[in-house]
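Secondary and tertiary structure notes
Spelled out from the first residue to the last, the chains are:
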Amino acid sequence: MKVLVIGGGAREHALCRSLSLDPDVTSLHCAPGNAGIAEVAELHPVDALDGAAVAGLAADLGADFVIVGPEAPLVAGVADAVRDRGIDCFGPTREAAALEGSKAFAKDVMAAAGVPTARAYVCTTPEEIDTALDAFGAPYVVKDDGLAAGKGVVVTEDLAAAREHALSCGRVVIEEYLDGPEVSLFAVTDGDTVIPLQPAQDFKRALDAGEGPNTGGMGAYSPLPWADPKLVDEVTRTVLQPTVDELRRRGTPFAGLLYAGLAITSRGVRVIEFNARFGDPETQVVLARLKTPLAGLLRAAATGQLAAFPELRWSDGAAVTVVIASYNYPDTPRTGDPITGLADVAEKDSHAYVLHAGTRLADDGRVVSAGGRVLSVTATGPDLGKARDRAYRALDRITLDGGHHRTDIAARAAGL
Ligand code: AMP
Ligand code: GLY
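Bear in mind that the values here come from a model prediction, so they are computed numbers and not experimental data.

The rules behind these values
- Residues numbered from 1 in each chain as written.
- Chains lettered and ligands numbered in written order.
- Predicted model: local features only at pLDDT ≥ 70, side-chain atom pairs only at ≥ 80, totals over all residues.
- Heavy atoms only, no water.
- 1 Å grid on protein atoms, 1.4 Å probe; cavity = no way out; pocket = protein on both sides within 12 Å on 5 of 7 lines; lining within 4 Å.
- Points joined across faces, edges and corners; volume = space filled by probe spheres on them.
- Helix = DSSP H or I, 4+ residues; strand = E, 2+ residues; numbered from the N terminus.
- Nonpolar A, V, L, I, M, F, W, Y, C, P; charged D, E, K, R; others polar.
- Near = heavy atom within 4 Å.
- Polar contact = N/O pair within 3.5 Å; in protein donor to acceptor, adjacent residues only side chain to side chain.
- Areas by Shrake-Rupley, 256 points an atom, 1.4 Å probe, with all protein chains shown as cover.
- Pairing = 2+ DSSP bridges.
- Axes fitted to C-alpha atoms, helices over the stretch in contact; angles between N-to-C directions.
- Contact = heavy atoms within 4.5 Å.
- Disulfide = S-S within 2.5 Å.
- Buried < 20%, exposed > 50% of the residue type's maximum accessible area, 1.4 Å probe, protein only.
- Right-handed = clockwise from strand over helix to strand, strands pointing away.

Another point: empty space enclosed by the protein. The final tally for this structure, using the stated rule, is two cavities of 30 Å³ or more. Approximately 80 Å³ is the volume attributed to the largest cavity. Every residue along the wall of the largest cavity is listed here: Leu99, Lys103, Ala106, Lys107, Met110, Lys143, Glu175, Ile272, Glu273 and Phe274. Counting residues per element, the lining of the largest cavity draws most heavily on helix α6 (residues 103–113), which supplies four residues. Taken together, the residues that form the lining of the largest cavity break down as five nonpolar, no polar and five charged. Of the volumes computed, that of the second largest cavity is approximately 40 Å³. Along its surface, the second largest cavity is lined by Val68, Gly69, Leu74, Phe90, Gly91, Pro92, Leu257, Ala276, Arg277 and Phe278.

Lining the immediate environment of ligand 1, one finds 14 residues, of which Glu175, Glu176, Leu178, Glu182 and Glu273 sit closest. Within the contact set of ligand 1, a nitrogen atom lies 3.1 Å away from a side-chain nitrogen or oxygen of Lys143. Within the side chain of Glu175, one N or O atom sits 2.7 Å away from a nitrogen atom of ligand 1. The protein chains hide 92% of the 470 Å² of surface that ligand 1 would expose on its own. For the shell around ligand 1, the secondary structure elements donating two or more residues are β7 (140–144), β8 (153–156) and β17 (268–275).

This part covers the sheet that holds strand β9 (residues 172–175). The strand order across the open sheet formed by four strands is β6-β9-β7-β8, and the pairing between neighbours is antiparallel. With partners counted over all chains shown, the strands left at the sheet margins are β6 (120–123) and β8, one partner each. Across the sheet, the mean angle from the axis of one strand to that of its neighbour is 20°, orientation sign disregarded. Direction of pairing for β7 relative to β9: antiparallel, over a ladder of four bridges. Bridged to Val141 within β9 is Glu175. Docked against the sheet, helix α7 (residues 126–136) engages β6, β7 and β9, running at close to 165° with respect to β6.

Moving on: the layout of surface pockets. Space inside the second largest pocket adds up to approximately 340 Å³. In terms of lining residues, the second largest pocket is bounded by 16 residues, among which His13, Glu39, Ala346, Tyr353 and Val354 are the most central. Among the elements of the structure, α1 (10–20), α12 (342–348) and β20 (352–356) are those that each provide at least two residues to the lining of the second largest pocket. Here the lining of the second largest pocket gets five residues from one element, more than from any other, and that element is β20.

This part covers the site of ligand 2. The local shell around ligand 2 consists of Asp202, Lys204, Gly216, Tyr259, Asn275, Arg277, Gly279, Asp280, Pro281 and Glu282. Contact between ligand 2 and Tyr259: a nitrogen atom at 3.4 Å from a side-chain N or O atom of the residue. A distance of 2.9 Å separates a nitrogen atom of ligand 2 from a polar atom in the backbone of Asp280. Computed on the free molecule, ligand 2 has an accessible area of 200 Å², of which 90% lies beneath the protein chains in the complex.

Bringing the state of the cysteines into the picture now. Inspection of the entire model under this criterion finds zero disulfides. Unpaired in terms of disulfides, Cys30 finds its nearest cysteine sulfur in Cys16, a separation of 4.3 Å. Among the residues examined, Cys30 registers a relative accessible area of 0% and is labelled buried. Cys169 takes part in no disulfide bond, and the closest cysteine sulfur to it belongs to Cys123, at a distance of 10 Å.

A separate point is the sheet that holds strand β12 (residues 201–202). Spatial strand order, β12-β15-β18-β23-β20: five strands in an open sheet with antiparallel pairing. Sheet topology places β12 and β20 at the edges, where each strand pairs with a single neighbour. Bridge analysis of strand β15 (residues 219–222) against strand β18 (residues 318–325) gives four bridges, and the strand direction is antiparallel. The residue of β18 that forms the bridge with Gly219 is Val322. Where α1 meets the sheet, it contacts β20 and β23 (373–381), and its direction lies at approximately 125° from that of β20. Each of β12, β15, β18, β20 and β23 touches helix α10 (residues 282–289); the most contacted strand, β18, lies at about 150° to it.

Of all the six residues making up strand β2 (residues 27–32), five are buried; the element is thus mostly covered by neighbouring parts of the structure. Two elements, strand β1 (residues 2–7) and β2, share six bridges in a ladder whose sense is parallel. Note that in β2 the partner of Leu4 across the bridge is His29. Taken together, β1, α1 and β2 form a β-α-β motif whose crossover is right-handed.

On to helix α11 (residues 294–302), then. The complete set of buried residues in α11 reads Leu294, Ala295, Leu297, Leu298, Ala300 and Ala301. For α11, the elements touching its buried residues are α1, β4 (65–68), β5 (88–90), β10 (182–189) and α10.

Right, let's get into unusual backbone geometry. A cis amide bond links Ala31 with the next residue in sequence, Pro32, at an omega value of -5°. Residues other than glycine seldom take positive phi values, yet Asn328 does so here, at roughly 80°. Positionally, Asn328 belongs in the loop between β18 and β19 (339–340).

Below, the structure written as structure tokens:
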């Protein structure tokens, strides 16, 4: 099968890496891709937000199957444009992707489906904002209703800061603070059948010990040795399946990757957010453990064939990924900095590999940074401690001027 992946981050590199190992994939393409993906797939320039351009590229290539990675093209209806050309596509419709694109829509679906989540108010006026902030008290959780690339959420003890963010948003969701560890659980669904993947944990804050500003995610690991073994079954039954059923009932079935961001609170599991695509950096560790070939799974979801899909196979081991970010990320990152040590990792670390996020090949052939999150250094091992050691050993071989990373990814889970 000829496969085209849309996107160009570490998530797409992880997807392409798995697809390149799948014997059913005879030809692999990515648009626009990045310097690392170029090693496993043929790259093509495209405006990923332009449905006609993406569908045209897929048709020109004779692609059998298209996978849309990031949320922005999904919310813009790019998967619909590909399907309209008669090409199978993994990724929800524009309407179903509103589950991620609008926090207010997600809250409405959850309420209708009886899915446990934080109590929330949707506010549009200063009066409504003040009433909501007052009702919940500190810590305040204030979320821009629309897509904001992981930067629309402010969690703060400071009432003035909460109010200022709320007023800057237009439509804003203000909600109850959820205490407890976070878990990311992904499920592949065809709009009817739901197949959960293995859970992972992301590290959202920029600095060690959960300090600093929110980011897109600075690292991840899987499995979660501390989690209840029944967690996946419970979340499938109480969150994932009811949400998929509700969207089907509304006439906007969700087929693709349903990502539940969860808080494990003292009162039970609560949904923090839904996303309509694979998470980054959790995908890097989840796919590192998935033994079932990826293309067949995703194509079965895209074509309504999941009910008959065989049980997924997983490695018993662990995976850890650590993100190297640019100088000044998550504020406006500096780009164009040279990266060294990549070949060293490829040569010396048999259980570690580097997935590229914001990178590109400069004119002189060097790999340079091209975004906020630059690399996702990933390793596997028999347990989290070993996977973690391998990831950090590989990371130590790499240099990026002004770059930064967290040093505590998976440390607590590994018993350190
Ligand atoms: P979101 O974009 O909704 O995932 O929010 C980004 C991050 O903000 C989450 O991963 C949490 O760490 C935090 N957050 C969001 N909503 C809440 C909440 N209701 N209570 C506590 N923390 C939250
Ligand atoms: N890991 C967070 C996200 O993908 O949104």
